[in-house]
Amino acid sequence: MVVRAAVAGASGYAGGEVLRLLLSHPEVEIGALTANSNAGQLLGSLQPHLVPLAGRTLEATTQEALAGHDVVFLALPHGQSAAVAAQLGDDVLVVDMGADHRLKDAADWDRFYGAPHAGTWPYGLPELPGGRAGLEGAQRIAVPGCFPTAVSLALYPAYQAQLAEPEAVIVAATGTSGAGKALKPHLLGAEVMGNVTPYGVGGGHRHTPEMVQNLSPLAGERVCVSFTPTLVPMARGILATCSAKARPGTTAESLRAAYEKAYADEPFVRLLPEGRMPSTKSVHGSNAVHVQVAYDESARRIIAVSALDNLTKGTAGGAVQSMNIALGLPEQLGLSTIGVAP
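What comes next is a walk through the structure. (Residues numbered from 1 in each chain as written. Predicted model: local features only at pLDDT ≥ 70, side-chain atom pairs only at ≥ 80, totals over all residues. Heavy atoms only, no water.)

A look at the pattern of salt bridges
- Under the definition given, this model contains 14 salt bridges.
- A salt bridge links K313 to E127, with the shortest nitrogen-to-oxygen separation between them at 3.1 Å. Here K313, found in helix α11 (residues 312–327), pairs with E127, found in the loop between α5 (106–113) and α6 (131–135); they are 186 residues apart in sequence, far enough to count as distant.
- Here K313 falls in the buried class, since its relative accessible area comes to 2%.
- When the shortest N-O distance is used, the salt bridge between R247 and E165 registers 3.6 Å. Taken together, the positions of R247 in the loop between β10 (238–245) and α10 (252–263) and E165 in the loop between α7 (146–160) and β7 (167–174) put the pair 82 residues apart, joining distant regions of the chain.
- Residues joined by salt bridges that share partners form a network here, namely E17, R20, R236 and D309. (Salt bridge = Lys/Arg side-chain N within 4 Å of Asp/Glu carboxyl O. Helix = DSSP H or I, 4+ residues; strand = E, 2+ residues; numbered from the N terminus. Buried < 20%, exposed > 50% of the residue type's maximum accessible area, 1.4 Å probe, protein only.)

Encoded structure:
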């Protein structure tokens, strides 16, 4: 089975990462590479690490350029995917790595993005209950945000086992690539190096309603999420520290057992041995998520920590994993759990 895939937004970080993964996918042939402001340039001038594709010229993102493919990956800024997807037929698998089709609640979309809601597509986080079934045979896929992927996988077993109260406090450190490739003064090296800064404080981050959407069905009631992201001086990676009050009767043993059960057969989620904490370097460049959980008995709180690469499992890797499931290919095809060190 050979799948012909196009990538819209190939000049950005997410587009470059999905191309890196597709180059190692044995069943994928890379077709059109498109961009907006960078159309007409050689990909090698913008993504020099993608050596096999360096001589390819970026086309404008048009219906004509994207036609004739089995899969189209949309690595576009938030709010731009819906219009492009609407031009593509039902016979093509469209994988949206932006936010346009993630949220179910139109009011949440309007509040955080300020534009008309484009509708909801099957959600590309296979590890959540029912996730794989929802992706099998899908022709449209919404890839989760990087923070919701890290947080949902950190807390899902605790809520699934009814061990956590419906409130969660999350502080997550992230690298600068999560903000995209466009030039921004606060992301200049001189501003970021040697500096740690919180942002989106007070419930203002756009990924918050997505976390609520993922965790609430597991808890059986609405989960209140307090989320504070923190920008740290690294290029890629997320370390999410998630805390929730434990329900009466929770013990360290019951908590550990819930996580072992949830992740025993997951190919990309590794529950670390007790006492070993996740680190972003361990998952750098891989589709792996490392998870650890502890019970703070004195505070009666569950502490779950996850680490992932925001560009791989948090974006492009999740997109390829979801594509594999939708097309009936082996889920792990073209993806690795091996990180890059040092």
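Here's the deal with the packing of aromatic side chains
- Applying the stated criterion across every chain yields a total of 3 aromatic pairs.
- On the basis of an interplanar angle of 15° and a centroid distance of 4.0 Å, the ring pair of W109 and Y113 is categorised as stacked. Of this pair, W109 and Y113 both sit in helix α5, 4 residues apart, which is roughly one turn of that helix. Per residue, the accessibility class of W109 equals that of Y113, and both read buried. (Phe/Tyr/Trp six-rings, centres within 6.5 Å; stacked < 30°, edge-to-face > 60°.)

A closer look at the sheet that holds strand β1 (residues 3–8)
- Strand order in the open sheet made by the 6 strands is β3-β2-β1-β4-β5-β6, with parallel pairing throughout. In the strand order of this sheet, the two ends are held by β3 (59–60) and β6 (140–142), each with one partner.
- Where helix α1 (residues 13–22) meets the sheet, it contacts β1, β2 (28–35) and β4 (71–74), and its direction lies at approximately 160° from that of β1.
- Lying on the sheet, α11 is in contact with β1, β2, β4, β5 (93–96) and β6; it crosses β4 at an angle near 155°. (Pairing = 2+ DSSP bridges. Contact = heavy atoms within 4.5 Å. Axes fitted to C-alpha atoms, helices over the stretch in contact; angles between N-to-C directions.)

Examining the nonpolar core
- In terms of nonpolar packing, the biggest core is built from 45 residues, with L155, Y159, I170 and Y259 touching the most fellow members.
- The element best represented in this core is α7, accounting for 10 residues.
- Every residue in contact with L155, bar those within four places of it in the chain, is listed here: A168, I170, L215, C242, Y259 and A304.
- Counting residues in each nonpolar core, the second largest holds 34 residues, with A10, L19, L21 and A319 among its members. (Core = buried A, V, L, I, M, F, W, Y, C linked by side-chain atoms within 4.5 Å.)

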